[in-house]
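# Reading the structure
So you can see what is in the structure, the chains are spelled out below.
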Amino acid sequence: MTLALALEQLLNGLQLGVMLFLMAAGLTLIFGVMGLINLAHGSLYMVGAFACATVAAWTGSFWIGLVASLACAAAAGALVELLIIRRLYDRDHLDQVLATFALILMFSEGMRWLFGSFPLYLDIPPLLQGAVPLPGGTEYPVYRLAIIAAGAAVAFGLYMLISRTRLGMRIRAGESDREMIGALGVDIRTLYTVVFALGAALAGLAGALVGALQSVQVGMGEPVLILAFVVIVIGGIGSIKGALLGALLVGVTDTMGRFLLPKILALFVPPAQAGMIGGAAASMLIYIVMALILAVKPRGLFPAAHA
Amino acid sequence: MKKLLAAATLALSVSTSGLAFAEPLKIGMITTLSGGGAGLGIDTRDGFMLAIKNSGNKDVTVVTEDDAQKPELAVQIADKMIQSDQVDILTGIVWSNLLMAVAPSAVAQGKFYVSTNAAPAALAGANCNKLYFNAAYQNDNLHEAMGEYANKSYKKMFILAPNYPAGKDSLTGFKRYYKGELASEVYTQVGQTDYAAEIAQMRASGADGIFVFLPGGMGIAFMKQFAQSGVKIPVMGPGFSFSQDVLPAIGDAALGAKASGQWAPDFDNEASKKFLADFQKEYGRLPSIYAVQAYDAAQLILSAAAKATVKDADAFGAELRKADIKSPRGKFKFNTNQHPIQDIYLTEVVKQNGVLTNKTVEKIFTDHKDAYAKDCKI
């Protein structure tokens, strides 16, 4: 194993982590402020990807598609909040899970009805095509570097939003005492809609960014959703900082596990078996890490204050 | 006069034999119509229904249900179809892990299973069954063909497949024929969408060729990411990796990729041309390899039903084994384990009139049989 390969894998882990962060940030924000478990977050990710693919195919520009993905996901989020989610805040978590699970099915079938079952085409914009050389003689795709940069920008933007703006102040207040900020005259219903739309927009952005790298198809959100839940459980539900660290931890652990476990096993068993067992073990690794972290810190790395 | 009447009756019965059977036939189709693998199931269903429609037969009913690519759901649907719908034949499953959950119990209950795609090794050898037919291939076949092809100009191959029965069959099949060195053998998760870690290993492996078996959305993700990675090693795979269901979504990143298949849209025979024209007319798109396989499965069932009743399993099975159909593949017959003996070709992804499709390059295997038939005692 060379240093270049290790560096490349580390970047891959970082990129996967950043992508998970975009998903997890919205999820944890919504849980932190409204106490709502939103299983349909993966559907908003899908909406973003489909919006980007469709608009990019119409206009020929990925960038317009990206803007459309933000707008469509935010709009879909706001609409869902106004029509359905709003009625769930006072219910217990089981009702929320059932209702948002129903939303997943409705979104999936709706998308299939609109776009069909075959994956859509969405390509990386010309500006970000290709690969750049890295120290150590290897190359790395420009687009993945761009995703890392976009994730860092979003993390910074969220930090600024929450710590430096009036909206952020209200979000923090909403996290620590819901009734009190209502009593102080803040329009809590609008705040909830805005937060939900913001979370949805982040998911839509992730969907569009990842859609260009993977495939834009119905049901693409659910595998990511599961990972995003792992991330927020590790990070501490409701904590953005926890989501960032949890996402990076999961991204790097998963990538390194897939890369190293078969190699380590190959020292003991024949390569074909090492590949098979190593591959299976690598897919369990993040759940093992989650179990270990929860054993030591049952509420995650950065438990939110009110929980 | 009597003779004349008899002759007329006979002539009439012959001319209508394609239109009606002695008894109605009920077929249960379980396939993947939702989720990431839906494209494969939809092509399966459409190919199958095209053959049924072309036959104009009113005595065949097909009940279709979506398994959502979940084994437990497939088992429930199969039970329901056998017990309450009372189907005679089951078909349509795309994935080998689902087939393993459904087919053995269906044949144990005396129902025929005619597979349109999934063909795990476990059902081709010692555990073959006289009620289980495969109209597609045996899982290893297309991979064996790529192993044979790789011998020509590649010395060190990096091979990769998902960790499920068909994935293991795939790499086993490839290695059965490939004589060169293996740079690495990697199994990924089923449904994995990010291949950065694997592509990095390919780059560092020093391989001169890459073989990937990644059906459906997995292949789309891999090819797009591979094209961006700057790795210049040639990629090849079995036909599924570059089949018509995924090519439009992969885009130009697939151009030039070599694959193996038992059919490609440019096949020059009457049955293939008719199939291609009918399919495009009916559905407005190019058919994939899955559609051809399902089309042939339906043709096989119809050909047997025209001559025997499905209630008489021995007679029906004997008619199925004759494989009296005009397959778009050109040649088609069954081996002793009721899996196909067929030619396998090398294809290349090309762009024709702005549409990505597969073009036949050369024949790799003639009358290819699978490795498990010798263990099957029917």
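Residues numbered from 1 in each chain as written. Chains lettered and ligands numbered in written order. Predicted model: local features only at pLDDT ≥ 70, side-chain atom pairs only at ≥ 80, totals over all residues.

### Points about the overall build of chain A
As a reminder of what qualifies: Helix and strand assignments follow DSSP, with helices taken as H or I runs no shorter than four residues and strands as E runs no shorter than two, numbered in order from the N terminus. For this measure, only C-alpha atoms enter the radius of gyration; the expected value for a globule follows 2.2 Å times N^0.38, where N is the number of residues. Any residue surrounded by 20 or more other C-beta atoms within 10 Å of its C-beta is treated as buried, while 12 or fewer makes it exposed and the intermediate range makes it partly exposed; C-beta atoms here are placed from the backbone. In this description, any two residues whose backbone-derived C-beta atoms lie within 7 Å of each other are considered to be in contact.
If you tally the helices and strands in chain A, you get eleven helices and two strands. Along chain A, from the amino end to the carboxyl end, the secondary structure elements read α-α-α-α-β-β-α-α-α-α-α-α-α. Expected size for 307 residues packed as a compact globule is a radius of gyration near 19 Å; at 20 Å, chain A falls within 12% of this value. C-alpha extents for chain A along the principal axes are approximately 65 × 50 × 35 Å. Residues classed as buried in chain A amount to 52% of the 307 residues present. Summarising the internal contacts of chain A: among those between residues at least 6 apart in sequence, 77% fall at separations of at least 24.

### Remarks on the interface of chain B and chain A
Taken together, the contacts link 34 residues of chain B with 43 residues of chain A. When contributions to the side of chain B that touches chain A are tallied by element, the ones reaching two or more residues are α2 (38–55), β7 (181–188), α7 (196–205), α8 (217–228) and α9 (247–250) of chain B.

### Comments concerning the domain arrangement of chain B
All names here are of chain B. Applied cut-off: Bear in mind that the domain bounds are from an automatic or database domain assignment. All amino acids are sorted into three groups, where Ala, Val, Leu, Ile, Met, Phe, Trp, Tyr, Cys and Pro are nonpolar, Asp, Glu, Lys and Arg are charged, and the leftover types, Gly among them, are polar.
According to the domain assignment, chain B contains domain 1 (2–137 + 267–334) and domain 2 (141–261 + 344–375). Listed by partner, the interface residues are 21 residues for domain 1 and 22 residues for domain 2. When contributions to the side of domain 1 that touches domain 2 are tallied by element, the ones reaching two or more residues are α2, α4 (96–108) and α11 (289–305). Its residues assigned to classes, the side of domain 1 that touches domain 2 shows 13 nonpolar, seven polar and one charged.

### Some thoughts on the sheet that holds strand β5 (residues 132–134) of chain B
All names here are of chain B. So the rule is basically this: Strand pairing is assigned whenever DSSP detects at least two bridges linking the two strands. Between the N-to-C directions of two axes lies an angle of 0 to 180 degrees, each axis being a line fitted to C-alpha atoms and, for a helix, fitted only over the stretch in contact.
The five strands lie next to each other as β2-β1-β3-β4-β5, forming an open sheet whose pairing is parallel. Pairing within the sheet leaves two strands with one partner each, and these edge strands are β2 (60–66) and β5. Strand-to-strand twist in this sheet, taken as the mean axis angle between neighbours without regard to direction, amounts to 20°. Inspection of the sheet shows strand β1 (residues 25–31) paired to β2 by seven bridges, in the parallel sense. Along β2, the bridge assignment pairs M29 with T64. In this fold helix α3 (residues 71–83) packs onto β1, β2 and β3 (89–91), with an angle of close to 170° to the strand it touches most, β1.

### Overview of the environment of A:L205
Residue and element names in this part refer to chain A. In this structure, L205 sits in helix α8 (residues 188–211). For L205 and A68, which are 137 residues apart along the polypeptide, the C-alpha to C-alpha distance reads 9.4 Å. Those residues in contact with L205 that lie beyond four places of it in its chain are L22, G48, S69 and L70.

### Here we look at unusual backbone geometry
Residues and elements named next belong to chain B. Its identity is not glycine, yet A323 carries a phi of approximately 50°, on the positive side. Considering the arrangement of structural elements, one finds A323 in the loop between α12 (313–322) and β11 (333–334). By C-beta crowding, A323 is classed as buried, having 21 other C-beta atoms within 10 Å. The residue Q338 is not glycine, and still its phi comes out positive at about 65°. Mapped onto the secondary structure, Q338 falls in the loop between β11 and β12 (340–352).

### Brief notes about the packing of helix α2 (residues 41–59) of chain A against helix α4 (residues 93–115) of chain A
Residue and element names in this part refer to chain A. Quick note on the threshold: The cut-offs work like this: below 35 degrees is roughly parallel, past 145 is roughly antiparallel, 65 to 115 is roughly perpendicular, and the gaps in between are oblique. Should the near helix be turned anticlockwise from the far one by less than a right angle, the crossing is termed left-handed; should it be turned clockwise, right-handed.
Look at α2 against α4: their axes get within 9 Å of each other, and the N-to-C directions meet at 20°. Classified by the interaxial angle, the pair formed by α2 and α4 is roughly parallel. Like other packed secondary-structure pairs, α2 and α4 cross with a definite hand, here left-handed. Note on element contacts: α4 touches α2 through L103, I104, F107, S108, M111 and F115, opposite G42, S43, M46 and F50.

### With respect to helix α10 (residues 240–265) of chain A
Stated precisely, the cut-off is as follows: Multiplying one less than the number of residues by 1.5 Å gives the expected span of a helix.
In a regular helix each residue adds 1.5 Å, so 26 residues correspond to 38 Å; α10(A) covers 36 Å between its end C-alpha atoms and thus fits that length. By the criterion of burial, α10(A) is predominantly enclosed, with 20 of the 26 residues buried.

### Some points on the packing of α2(A) against α8(A)
Residues and elements named next belong to chain A. Between α2 and α8, whose axes approach to 7 Å, the crossing angle comes to 55°. Between α2 and α8, the angle is such that the two are oblique. Considering only the axes of α2 and α8, their crossing is right-handed. Residue-level inspection shows H41, L44, Y45, M46, V47, G48, A49, A51, C52 and A53 of α2 in contact with α8, the latter providing A200, A203, G204, L205, A206, G207, A208 and G211. Among the residues making up the contact of α2 with α8, the classes are represented as 13 nonpolar, five polar and no charged.

### Structural notes on the pairing of strand β9 (residues 235–238) of chain B
Residues and elements named next belong to chain B. Filter applied, for reference: Crossovers are described as right-handed under a simple rule: with the strands pointing away from the observer, the path leading from the first strand over the helix to the second runs clockwise.
Where strand β8 (residues 209–212) and β9 come together, two bridges link them in parallel fashion. Note on β9: the bridge partner recorded for F211 is M236. Handedness of the crossover is the feature at issue here: the chain leaves β8, passes through α8, returns alongside β9, and the resulting connection is right-handed.

### Regarding the confidence of the model for chain B
Residues and elements named next belong to chain B. Note the cut-off: Per residue, pLDDT captures the predictor's confidence, and it can take any value from 0 to 100.
This prediction gives chain B a mean pLDDT of 89; 94% of its residues lie at or above 70. Scored below 50 in pLDDT, residues 10–18 makes four contacts in the model with residues more than four places away or belonging to other chains. Overall fold confidence for the complex sits at a pTM of 0.81, while the interface term, ipTM, reaches 0.80.

### A short note on helix α3 (residues 62–83) of chain A
The α-helix advances 3.6 residues per turn, and as a result positions three or four apart in sequence lie on the same side. Residue and element names in this part refer to chain A. For α3, built from 22 residues, the straight-helix expectation of 32 Å at 1.5 Å per residue is met to within 8% by its first-to-last C-alpha distance of 31 Å. Listed in full, the buried residues belonging to α3 are F62, G65, L66, A68, S69, C72, A73, A74, A76, G77, V80 and E81. In this fold, the buried residues of α3 make contact with α2, α4 and α8.

### Side note on the environment of A:G278
Residues and elements named next belong to chain A. Inspection of the secondary structure puts G278 in helix α11 (residues 271–296). Note on G278: 25 C-beta atoms within 10 Å, which makes it buried. Those residues in contact with G278 that lie beyond four places of it in its chain are L261, P262 and L265.

### Things to note about the environment of A:L11
Residue and element names in this part refer to chain A. Within the secondary structure layout, L11 lies in helix α1 (residues 3–34). Judged by C-beta crowding, with 21 C-beta atoms within 10 Å, L11 ranks as buried. The spatial distance from the C-alpha of L11 to the C-alpha of Y140 is 8.7 Å, given a sequence separation of 129 residues.

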